[in-house]
Structure formats: C-alpha cells, structure tokens
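# Structural overview for review
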Amino acid sequence: MDGVVQLQKQLVDYTASLFHEGFLDEQFNQLQQLQDESNPDFVVEVVSLFFEDSERLLNELGKTLEQKTVDFKKVDAHVHQLKGSSSSIGAQRVQKLCIAFRNCCEELNTEGCLKCLQQVKHEYSLVKNKLETLFKLEQQTIAAGGSIPTL
C-alpha cells in the first residue's frame, strides 16, 4: 500500500507544479469536477479533443502564414478558436500567447505572427507532454489500487 500512497503523493505534487508553473489554471479544476463514476474518462476525452483540434489549427496557421498574401482574418479566426479551446481546458500559457498572437493579426504583422506561431507551438507541446504525464500518473495510481486524490 505504500506504493499507492507514494504514487498519490507524486500525482498531487505533479499536479500542483502544473498550476504553480502556470501551465494550468482553475478551469482545469472545473473540468475535473465534471468527471464522475458515470464518465471516468471525461477529462482525458476532452483534453484529447483539445490535442486533435490544436494540432489541426496549428497546421492550418502554418499553411496560412506561408502564403504570399496572408489572410489575417483567417489567421485571427484560427487563433481565436485555439484561444477558446485552450481556455476551456485551462491551458493558461497557450491561451495567453494566443492573445499576443491576435494582436499581431490586428497589426497585420506577418513576422510577429510567425514568431507567435512558434511560441504557441512550443507552449502547446509543453502542455501536451505535461498533461500526458499527468494522465499516466493517474493511470498508474488507479492500476496500483489507489484513487485519484482531489486537490
């Protein structure tokens, strides 16, 4: 049973670090509160949809910004969508970068948009890895016979 307690402590500490480092915000807690016995994979499912949607949007943004004449309205629409979906799961750092990205769109600043795209891709990659690690820790805790501690 000590192994389960250790895993639970590791899970609590890791989750706390994601909030402390600004990867996640209160919205992620609210998402977790919607999960219950009737839908035990709710958070993983919602976050998986976020991953799929984000990767599609990031690819679209890359293609749109590579055009000779950039359609800033299209770029802004994609960034707006990415901002909303990152906000809905609590991916705070991605969401904040999207605000700066949208400002570059308003300024019709192609170079600024390309720089923001790289920053958003980087932060997205980080939060994706962090959330995948979190979900693995949760699976290990459950597999060891433990429950997911609530924060």
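Residues numbered from 1 in each chain as written. Predicted model: local features only at pLDDT ≥ 70, side-chain atom pairs only at ≥ 80, totals over all residues. Heavy atoms only, no water.

Attention shifts here to the environment of Thr 141. Looking at where Thr 141 falls in the secondary structure, it is placed in helix H6 (residues 110-143). Of the residues examined, Thr 141 reaches a relative accessible area of 0% and is grouped as buried. The spatial distance from the C-alpha of Thr 141 to the C-alpha of Lys 9 is 9.9 Å, given a sequence separation of 132 residues. Apart from residues no more than four positions distant in its own chain, Thr 141 is found in contact with Leu 7, Gln 8, Leu 11, Gly 146, Ser 147 and Ile 148. (Helix = DSSP H or I, 4+ residues; strand = E, 2+ residues; numbered from the N terminus. Buried < 20%, exposed > 50% of the residue type's maximum accessible area, 1.4 Å probe, protein only. Contact = heavy atoms within 4.5 Å.)

Okay, helix H5 (residues 92-106) next. Taking 1.5 Å per residue as the helical rise, H5 with its 15 residues ought to reach 21 Å, and the 22 Å between its terminal C-alpha atoms agrees with that figure. Those residues of H5 not exposed but buried are Val 94, Gln 95, Leu 97, Cys 98, Phe 101, Cys 104 and Cys 105. Buried residues of H5, seen end-on, are gathered within an arc of 160 degrees and therefore sit on one face of the element. Counted as exposed and oriented over 90 degrees from the buried face of H5: Lys 96 and Glu 106. Turning to H5, the residues buried within the fold contact helix H3 (42-66), helix H4 (72-89) and H6. The first or second residue beyond H5 is Leu 108, which carries a positive phi of 55 degrees. (Expected span 1.5 Å × (residues − 1). Arc of directions from axis to C-beta.)

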